Amino acid sequence: MRKIYLAGHRGMVGSAILRRLQDRQQQGEELDIVTRTHAELDLTDQAAVRDFFQSERPDAVILAAAKVGGIQANNQYPADFIYENLMIESNVIHQAYQSGVNRLLQLGSSCIYPREAQQPMSESSLLTGILEPTNEPYAIAKIAGIKLCESYNRQHGTDYRSVMPTNLYGPGDNFHPENSHVMPALIRRFDEAVAQGLAEVVIWGTGKPRREFLHVDDMAEASLYVMDLPREIYDAETEPMSSHLNVGTGSDISIAELARMVADVTGFKGRITQDVSKPDGTMRKLMDVSRLERMGWKANIALSEGVSETYSWFKQNQDSFRR
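Residues numbered from 1 in each chain as written. Predicted model: local features only at pLDDT ≥ 70, side-chain atom pairs only at ≥ 80, totals over all residues. Heavy atoms only, no water.

**A few points about the side chain of R291**
So, step 1. Among the secondary structure elements, R291 is positioned in helix α10 (residues 290–294).
So, step 2. Buried charged residue R291 carries no salt bridge. Nearest counter-charge: E123, at 4.2 Å.
So, step 3. Of the polar contacts made by the side chain of R291, one reaches the backbone oxygen of H244; its length is 2.9 Å.
So, step 4. Apart from residues lying up to four places away in sequence, R291 is in contact with E123, E237, T238, S242, S243, H244 and L245. (Helix = DSSP H or I, 4+ residues; strand = E, 2+ residues; numbered from the N terminus. Buried < 20%, exposed > 50% of the residue type's maximum accessible area, 1.4 Å probe, protein only. Lys, Arg positive; Asp, Glu negative; His and termini not counted. Salt bridge = Lys/Arg side-chain N within 4 Å of Asp/Glu carboxyl O. Polar contact = N/O pair within 3.5 Å; in protein donor to acceptor, adjacent residues only side chain to side chain. Contact = heavy atoms within 4.5 Å.)

What follows is the structure, given as structure tokens:
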């Protein structure tokens with residue numbers, strides 16, 4: 001029986017991966033899935049992480065745990081973001097090696113790439129320019145995670161891999177009115193407009209910036225696909241010091257088009273206007289996903305289908321967002 005430790009199983013991505021692993025169990029695959037809540041195991045505590053790994057001795061590790069937040073949180077608590085994420089990665093990756101774990105998958109973020117990276121952003125763009133200042137501490141920590149995996153592979157012969165997703169959305173997303181990302185923010189805003197009978201919804205900026213969105217269930221499938229790839233296939237498409245993989249759809253949509261899609265899904269019939277006094281941000285952020293496609297994986301969930309499903313999940317769990 002294969003024992004897998006899933007760190008961060010309560011987060012949006014971690015919970016989606018957990019569902020997929022549990023599906024595999026129900027289909028007859030012999031898996032022992034190990035999880036711990038933050039209260040049970042503080043991943044920034046070096047001694048606690050060491051004791052956990054020496055006791056559990058997992059065969060494989062999926063590192064989906066991280067301290068995450070929006071622009072406001074990143075600006076307000078930069079020291080917390082860089083410290084906690086560096087500690088989580090360092091402790092888990094090092095203790096995984098110390099306890100004999102050969103296969104590990106670390107999840108990162110597309111924010112690792114330079115602010116002015118050529119579009120679409122390929123894996124080779126890493127460390128070629130200045131990062132976006134608003135989330136630089138978090139990005140630095142995620143880059144360090146990639147380099148930790150690569151360094152242990154080079155020195156110790158381990159098989160530690162990294163996947164970098166584009167903008168994620170889906171069940172379990174953060175729908176907070178002040179610090180959520182664009183997709184859940186639009187879903188909540190249009191839903192409230194329908195409930196209140198509003199004739200107009202105003203969105204920030206010109207609506208021209210383009211963004212790529214990946215459903216969290218696709219990210220979970222991609223993570224397990226990469227985790228299970230034979231080493232010779234993974235190594236054939238990567239390099240020892242450029243081993244991470246982009247995960248996305250390879251296509252994007254303007255914010256104005258996304259707003260219209262969300263309006264249709266929520267049943268909003270009024271006007272959508274732009275507040276051009278608000279900033280647009282980066283005009284385009286699109287991932288080059290050709291490396292992972294050559295390995296045999298492509299996203300499956302269409303954006304319209306994913307938005308509809310996410311809205312249904314939001315409505316079913318709406319009461320919890322008002323507490």
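From this point, things continue past the structure.
**Thoughts on unusual backbone geometry**
So, step 1. Across the junction of Q119 and P120, the peptide omega takes the value -10°, indicating a cis bond.
So, step 2. Tracing the chain through its elements places P120 in the loop between β4 (103–107) and α5 (136–156).
So, step 3. Positive phi, normally seen in glycine, also occurs at R57, with a value near 50°.
So, step 4. With a relative accessible area of 42%, R57 lands in the partly exposed category.
So, step 5. A positive phi angle, near 65°, is found at L127, a position not held by glycine.
So, step 6. For L127, the location among the structural elements is in the loop between β4 and α5.

**What about the sheet that holds strand β11 (residues 253–254)?**
So, step 1. Within the open sheet, the three strands sit side by side as β11-β8-β13. Their pairing is mixed. Every other strand in the sheet has two partners, leaving β11 and β13 (284–285) as the edge strands with one partner each.
So, step 2. When strand β8 (residues 210–211) meets β13, the two strands line up parallel, connected through two bridges. Note on β13: the bridge partner recorded for R211 is K285. (Pairing = 2+ DSSP bridges.)

**Thoughts on the pattern of salt bridges**
So, step 1. Summed over the entire model, instances satisfying the criterion amount to 24 salt bridges.
So, step 2. For R20, the salt bridge goes to D217, with nearest N and O atoms at 3.3 Å. Placement of the pair is R20 in helix α1 (residues 12–26) and D217 in helix α7 (residues 216–228), with a sequence separation of 197 residues.
So, step 3. Taking the relative accessible area as the measure of exposure, R20 reaches 16% and is therefore buried.
So, step 4. When its relative accessible area of 9% is taken as the criterion, D217 is described as buried.
So, step 5. Ionic pairing is found between E29 and R24, a salt bridge with its closest N-O pair at 4.0 Å.
So, step 6. Exposure remark for R24: the relative accessible area of 21% places this residue in the partly exposed category.
So, step 7. It is possible to trace a salt-bridge network through shared partners that takes in R19, R20, D23, D217 and E221.

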